[in-house]
Every structure is written in structure tokens, then in C-alpha cells.
Amino acid sequence: ADEDGGAEKDAEKDTEAADSLEVEPAASSEAASEDTKGKPEIKIWIPATDPEAKGEDKEEGKVEWQELAEMQKSMELGSFQFKAGSTMILIESKIDGKWPRKGGSDEDDWKDFKVGSKVDVEDTVGKWLSSTVKDTKEEDGKTMLYIHYDNYDVRWDEWIESNSERVAKHGTKASKERASSYSSYSYYSGTEGTPSTSGIVGLRNLGNTCFMNSTLQCMMQTPWLTQFFTKKEHLPQINKENPLGHNGRIAEEFGALVGKVWSDKYTVVAPSSFKQAIGEFAPQFSGYNQQDSQELLSFLVDGLHEDLNRLKKKEYDPNPLESKGKTDTELAKLSWDKHKKRHDSAILDHMGGMFRSKVVCPVCNGVSRKFDPFLLTLPVPLPVSDSKRQEVTVVFADPKASPTKYTVDIAKSAEIGELKTEVASIAKVDSKSLVIAEVFSNKIYKQYKDRDGVGSIMDRDIIFAFECPKAAEIKEWVSIPIHHVHKSTYGAYDHREFGDPRVLVLDVSKPVTRKDVAAALASVLGPSIEKRTPYKDSPVEDQPYTAVLKSSWESSPGAEVYEEGKGEEEMDVTGRDIILSVYWGEEEEAKAAYKPITVIDDESCKPKEAGGKGKSGVDLVDCLQAFTKEEKLKEGNEYYCKTCKKLLTVTKKMDMWKLPDIMAIQLKRFQYTQQWRDKIDVFVDFPLEGLDMAPHTLSPEDKKNALYDLYAVSCHGGGLGGGHYWAYVKNHKDGNWYNMNDSSTGPMRASSVKTSEAYLLFYVRRGFGKATTAETTSKTEP
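To start, this report covers the structure provided alongside it.

Cut-offs and rules
Residues numbered from 1 in each chain as written. Predicted model: local features only at pLDDT ≥ 70, side-chain atom pairs only at ≥ 80, totals over all residues. Heavy atoms only, no water. Helix = DSSP H or I, 4+ residues; strand = E, 2+ residues; numbered from the N terminus. Buried < 20%, exposed > 50% of the residue type's maximum accessible area, 1.4 Å probe, protein only. Contact = heavy atoms within 4.5 Å. Pairing = 2+ DSSP bridges. Axes fitted to C-alpha atoms, helices over the stretch in contact; angles between N-to-C directions. Polar contact = N/O pair within 3.5 Å; in protein donor to acceptor, adjacent residues only side chain to side chain. Phe/Tyr/Trp six-rings, centres within 6.5 Å; stacked < 30°, edge-to-face > 60°. Lys NZ or Arg CZ within 6 Å of the ring centre and 35° of its normal. Parallel < 35°, antiparallel > 145°, perpendicular 65-115°, else oblique. Left-handed = near helix turned anticlockwise from the far one by under 90°. Nonpolar A, V, L, I, M, F, W, Y, C, P; charged D, E, K, R; others polar.

## Section: the overall build of the protein
- Along its length, the protein carries 16 helices and 40 strands.
- Within the protein, buried positions represent 47% of all 782 residues.
- Of the contacts made within the protein by residues no fewer than 6 positions apart, 68% connect residues no fewer than 24 positions apart.

As C-alpha cells, this is what we get:
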């Protein structure tokens, strides 16, 4: 459900099975539809939630009921996921013509829409289908419902106005076959039962929520955190007065979810209540689009920290700390103490760390140090080459030189101007004379500017570099694509592109006439002429083509270049998307007159032998070292030197100082710039046990106890547009590894945990988590 594609809607059915119960078969549908005259009118209600579940707003032993639709009354009991053992069913009949239960009398009661409400909805092709309300919102004074068609893929979900005629009471419009195929509780409730291993419980995918499930599974196997929430130690620490918090909702919902998963009462849990809560406070998570598991992790950890912040009133100190004259240890303690004046929670105690950044001014050699606290996540780059091998076919101005394909190695972050320099160097031409363009389907699809990014060129794009000496000689010029066309055999007025496009450079510092365009065109197309015989009915006598100057996006015929007696007339060559369409007559005439180019490959095109770690992968230690590598800040990110009193391009170095007891190392696989996006699928080798962080921290105190063991991995497979998330977790009760893939769970070999799809690596400090919460909450010094 997380990836695009698949079969048509009618073929995409939910395969979620109901709990199997040995029950007597219900009456047949025919029997159920017999004349009911003389029989009392009744309603049947069944438990909508676990009768044993309790909360702050629920009375002990109170049951929430859900009414069965008329057609559901003839369904087999096995269609409902009743709790094994005894089950309560409520039968209601009218008293004095009225339904005695509150909320069970009015016809419009079903319109009290909530997340999880069941309705019948008419889809866009006129079919009435059993559906579920997945979200609600107010828009222009109207209540909108986000509808999921039961048993269909989430890509058919849509927003519908609640008062629309397409929405009806559940069980009144949808076909009986479709309604009976759906278990009333399979989508938004869990599956009761005892899990094979305590804490190894699936999470239902609510629609593109695999990213959330992956993060939650890792968090719910976190040592200390699990006990902290299952023992309800978080409840007295909830701070509902914190303006940066979420009224305690994030902590409450996460605690409730952890409690269910570790209750040994479920094999699958639906995190719908948690999903709704985070959607209320973080709009990016309110819908059902695929998101990043790390972004959810960051929001969740920060949300738990703020909801559990012990400080009711926060001190604000606007004065920055001065690093001059202070040792790292002194400055680190001052920075941590200042941070603790506004941030103090059990989450910070064990998931809080601190970076040290050092900036050196290139003018005065002044050094500035700063300590920045962080929560849980340590983002590390993957030290793989960011370069790409780019093929470029150079079409030379010299008609005797064969067009040649070259391959250059260039950084993805480079600009087209740099690509021109690399190509010009190997092709022995002036870089200023090159016009870089993408060729697609015999046309110039796009011309690149010098400041465009190389990363915007896709692997499948065909790139040409046209040598145009005028571009290096004149200041004001335009480059106009030349497209060759001939008359199509399919219609008298249909022209088709063929051959190899070219580029015409014109000097626009002065007026351009038809005569100028014709002369420049003859110079460029000379090598392409095989036979100079004019095509049939051609207005010219000494060449096999004519040409029209036109806009590629307008339907107008354009301006003829060869028009008798008008050679001195000016032509507008600076309009939007101007092209020269060169006409060669009928298809057979064009084949006889046009000479196609032959491209030869340069030595640079030979494949390179794979070497180093680029093929086999990298080590996590390499990633940690890359994180602490000194870098020069780019333009636009200058540093203000107080001594020099100006903005300067400086070098900056990041280091770890305070190591948290629990940390998640983010492998930065996703790369984004303004021009391009990419995912790095390289394999990263990471230790399951004994990750030594001592070489990567500057704190003498933290070096003493810096061994970490892996306990969870959030994985991502597929591309940037969506893909799928899942998790590998180490159960802290039996010490075994498990594959947690939405509702599906199962044991796995520890050796299989290492994969090129690993994205977030969750580590715990060796020895931490074995003591009680009370014994471990005092460690706050940096």
C-alpha cells in the first residue's frame, strides 16, 4: 500500500483475516430477508473497543458499543473479531415507540462523524461501497471527510463533503457482498491474542504509515523507555502547561500504545489514536502521504521531551556564552547548565547529547567554539563519491571533425559552467564557445545555463555540447535550436522531426535580418547536406531545404526565412522558445538530401574498473569520521568575525562531546539540492555489538564508557518518491532479532540485520537500561 502502481481498484482487496472462532453458521440471507411482520423491531450492538480498556475519561467496566447495520445482522459471527471467550452482545428494542439508549433514536445520529466512523459512499463511477472515515476537517464552513473505500488500495482515498449525496448511512446503500467481506474492526482496531514473544506485536498500516510503524517499533524496543512507559512513570511527569508541549497528548498516546504492545493481549495493534494525535500537532503527518521515518522520530522525541518537561517556568537568558578564556570542559558545563534552565526531562536525561563546533577565521586566525545540545539523533554523511560520470557528445564547428562522445567525472553539486570547462579541456575547444543542451526525440529539449546544476541531469538524459565560436567572440547573442523536419506519410500537413538537431548562434547587438539568418544557417548545415537538389515545389533553387522561424509553444506558422525580395527585413529572434524548423520535403527527399552525423567514442568513454569501497560499501566508522571532518562553509553561509567585524568564508569542524545513553545514528541516504534529489543505496557496515564511540568524542569523561550495542534498525527500500519502511528490532526480553513489517512480524537471523537499506541505527550504551528508572535519572552532567 506504500508504493504507487498495481492492478485496478476492483482487483485490490484487503487480505486481512479475521480471528477464527468455532461458531454456528448464521441464518442464510434468504432466511434473514423473510417477512418480519409481527416480530419486534430490534437493534444489535457489539463492543466497539476492548471492554477491559480503561482511560482517564472512561468509567471502569464501561463498554463503548457499535450498532450493526441491517445487512450485518445476517453475517457470520466469525466475520467479527470478537475477543476469545465470552462476548457481550446488546439487544435493544423500542419502548413506547422510542429507542431507550441515548444516541440510538435520531435518524441523523450516524452523521456524528469521527475518525473510524463507518459509512456507505458512492465512488466516482457510481458504485456504493462500504467505507471508513480516516480524517475530518472544516473547510469554508463545511465538514469534509477523508474517505477510505474498504478493501481497496489507499490511492483511491478522497475528500468528500459530509452533506454530499454520495455519503449515506452505513449498511443502507453498499452491496451486501462487499459489506460482508469486511471485518468491522480490521482497519482501525487491533487483533487480540497472545503474541509468540512479549513485545513482538505488529502495527497495522493505516495507509502509507509504514514510516510511522517503523519508527514506533524501534522506539518501543528501546531499553529504559519501554519500562518507563509500561510502568506509567511518565504520567505524574506530564506537563500540560508547557506552551511548547502538546497538552500531554503525545506522551499519553505513546504511553497508551506502548502499554498495548507490551500487554501480551494483542498480536496486531492499530496506532490510529496515536496517528490522529500527531496529525493534530504536526500537519505534515495529518494526511496519508508517505513521510520520512527520521522526521517522525525527531518530532516524537521532541514531543515526548516537551510533554514531560519538569520545568513549569522557564528561565530565559539572551546572553550568548563567550568561549574565550574557557576550556572545553568549562564551556561545555556552562552550555549544558544553560540548556537545562529551559529543558529538563527524563527524555533529555538519557537521549540528550551535545555537539562542539569550532570555527576558525582565515584572516585573524581567531577561534570560536560553541556547544549545541541535541536529542537522540546523530546525522552522519555517507563518505561516498558525490561525483557522476557524465557523457557529453561534442559537435564541432569544424565540418571535418567527427562529432565525439566524451565522458567526464564531475561533482553532482557542480554547475553547468564547470561541466563546460571539463568538456572543453578534454575536447580541446574554448569552453566559452560551448552550448550545452539535452537532446530528446530528434529535438533540443532543453538548453542549460552556466549556473544550472549538473545534478539536474538525469542518467537517461542525452547531453550534447555544440561548439559555436561566435558565442566566445560576441557579447550579446542568442542560441536557437535547429530542428530538421520532413512531411509525414500520415498526413499532408503533418511534419515529423528527424536527424540530429543543431544550434544557431546569432549576434543580437544589432538587428538580425532574414539574410543574416539564412547565411548563418547555411554555415551550420553545410556538413549535413548530402545532395543539393531542392525538394519538390521548393521556393529556393540552390539548396534542399527551407526554414521557418517560430515559437515551439505557439500554433502560428511562423516566419519564412527564405522569402523572395525580403532578405533585408528584420526577424524577431529573441522571442520565447524560438526554434528554426528546417523543412526537407517528403520523407524520401529528406533521406536523399540529408547526411546524418556519425558519432565516435573517445577513450574516456571506456568503463573504469571499480576500486576502493565504492563497490563493496563503507564502514560506519568512516561515516562518523566524515561527520567530524573539517569543512569550508559555502557561499551564503558566511561567518561574522567579531574581531574582523565582517562576514567571511570560514572553516568549521563538528565534534561529539556529550554522548547520550541512547542514540539513533541517521545514515544520510537522501540528498536534496535546488536542482536534484538522490538516494544513496551504498551498503554501510555497522557493528551489532561494541560500537566504540571513544575515538569520536572529545569529552574525557565520556571516553571512559563509550561502548554501544545495536538494538533496532529502521530500514527504507525503494526510491525517493515513496518506497517502503520496516524495522529490525532486538527484543530486550529474549535477546533475539525480529523483522517488524507493519502487521507482519517474525524472527530473523542477526546476520541479516546488516543491509544496504538500513537508515536509522538505534544504539544503547552498554550496561544502561538494566538499572531502575529511579537509579538512572540523575545523570545530567555533560
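## Here we look at the sheet that holds strand β18 (residues 443-447)
- An order of β18-β17-β19-β15-β16-β25 is seen for the six strands of this open sheet, with the pairing classed as mixed. The sheet is open, and its two edges are formed by β18 and β25 (600-601), each paired on a single side.
- In this sheet, strand β19 (residues 462-467) lies alongside strand β15 (residues 387-395) in parallel orientation, the contact comprising three bridges. Bridge pairing links Val394 to Ala465 in β19.
- Seen against the sheet, helix α10 (residues 416-427) touches β15, β16 (404-411) and β17 (434-440) and runs at an angle of roughly 135° to β16.

## Brief notes about unusual backbone geometry
- Positive phi values are uncommon outside glycine, yet Trp224 reaches one of about 70°.
- Phi is positive for Asp264, which is not a glycine, with a value near 65°.

## Focus on the side chain of Ser433
- Tracing the backbone shows Ser433 in the loop between α10 and β17.
- Separated by 2.6 Å, the side chain of Ser433 and the backbone oxygen of Asp430 make a polar contact.
- The contacts of Ser433, once residues within four sequence positions are left out, are Phe466, Glu467, Cys468, Pro469, Ala471 and Ala472.

## Things to note about the packing of aromatic side chains
- The full count for this structure, using the stated rule, is 20 aromatic pairs.
- Centroid distance Tyr146 to Trp159: 5.0 Å. Interplanar angle 50°. Geometry classified as tilted. Of the two residues, Tyr146 is situated in strand β6 (residues 142-149) and Trp159 in strand β7 (residues 158-161); the sequence distance between them amounts to 13 residues.
- Under the relative-accessibility criterion, Trp159 is labelled partly exposed at 32%.
- Following the ring pairs from residue to residue traces out a cluster consisting of Phe498, Tyr545, Tyr562, Trp584 and Tyr594.
- Lying over the aromatic face of Tyr288, Lys134 brings its terminal NZ or CZ to 3.8 Å of the ring centre.

## Side note on the sheet that holds strand β3 (residues 90-93)
- Read across the open sheet, the three strands follow the order β2-β1-β3; overall the sheet is antiparallel. Pairing within the sheet leaves two strands with one partner each, and these edge strands are β2 (65-67) and β3. For this sheet, the mean angle separating the axes of adjacent strands, direction not counted, is 35°.
- Where strand β1 (residues 42-47) lies against β2, three bridges are found, and the strand directions are antiparallel. Across the sheet, the residue bridging to Pro47 is Trp65, located in β2.

## Looking at the environment of Ala472
- Looking at the element boundaries, Ala472 is found in helix α11 (residues 469-473).
- By relative accessible area, Ala472 is classed as partly exposed at 33%.
- Expressed as a C-alpha distance, the spacing of Ala472 and Leu434, which sit 38 residues apart in the sequence, is 8.3 Å.
- If we ignore the near neighbours within four places in the chain, the residues touching Ala472 are Asp430, Lys432 and Ser433.

## With respect to the packing of helix α5 (residues 249-261) against helix α7 (residues 293-307)
- Where α5 contacts α7, the two axes come as close as 7 Å, and the packing angle between them is 110°. Between α5 and α7, the crossing angle belongs to the class labelled roughly perpendicular. Relative to α7, the crossing made by α5 is left-handed. Residues Arg249, Ile250, Ala251 and Phe254 of α5 touch α7, and the partners they reach there are Phe299, Leu300, Gly303, Leu304 and Asp307.
- Looking at side-chain class alone, the contact of α5 with α7 contains six nonpolar, one polar and two charged residues.

## So, the side chain of Glu306
- With respect to the helices and strands, Glu306 occurs in helix α7.
- When residues no more than four places from it in sequence are discounted, the contact partners of Glu306 are Asn239, Asn242, Leu244, Gly245, Lys314 and His343.

## Concerning the pairing of strand β4 (residues 118-122)
- The element β4 is extensively covered by neighbouring structure, given that four of its five residues are classed as buried.
- By the bridge criterion, five bridges tie β4 to strand β5 (residues 128-139) in an arrangement that is antiparallel. Pairing of Glu122 across the sheet is with Trp128, part of β5.
- Here β4 hands over to β5 after five residues, with Gly126 in that stretch at a positive phi of 90°.
- Pairing analysis gives three bridges linking β4 to strand β8 (residues 167-169), with the strands arranged antiparallel. If you follow Val119 over to β8, its bridge partner there is Lys169.

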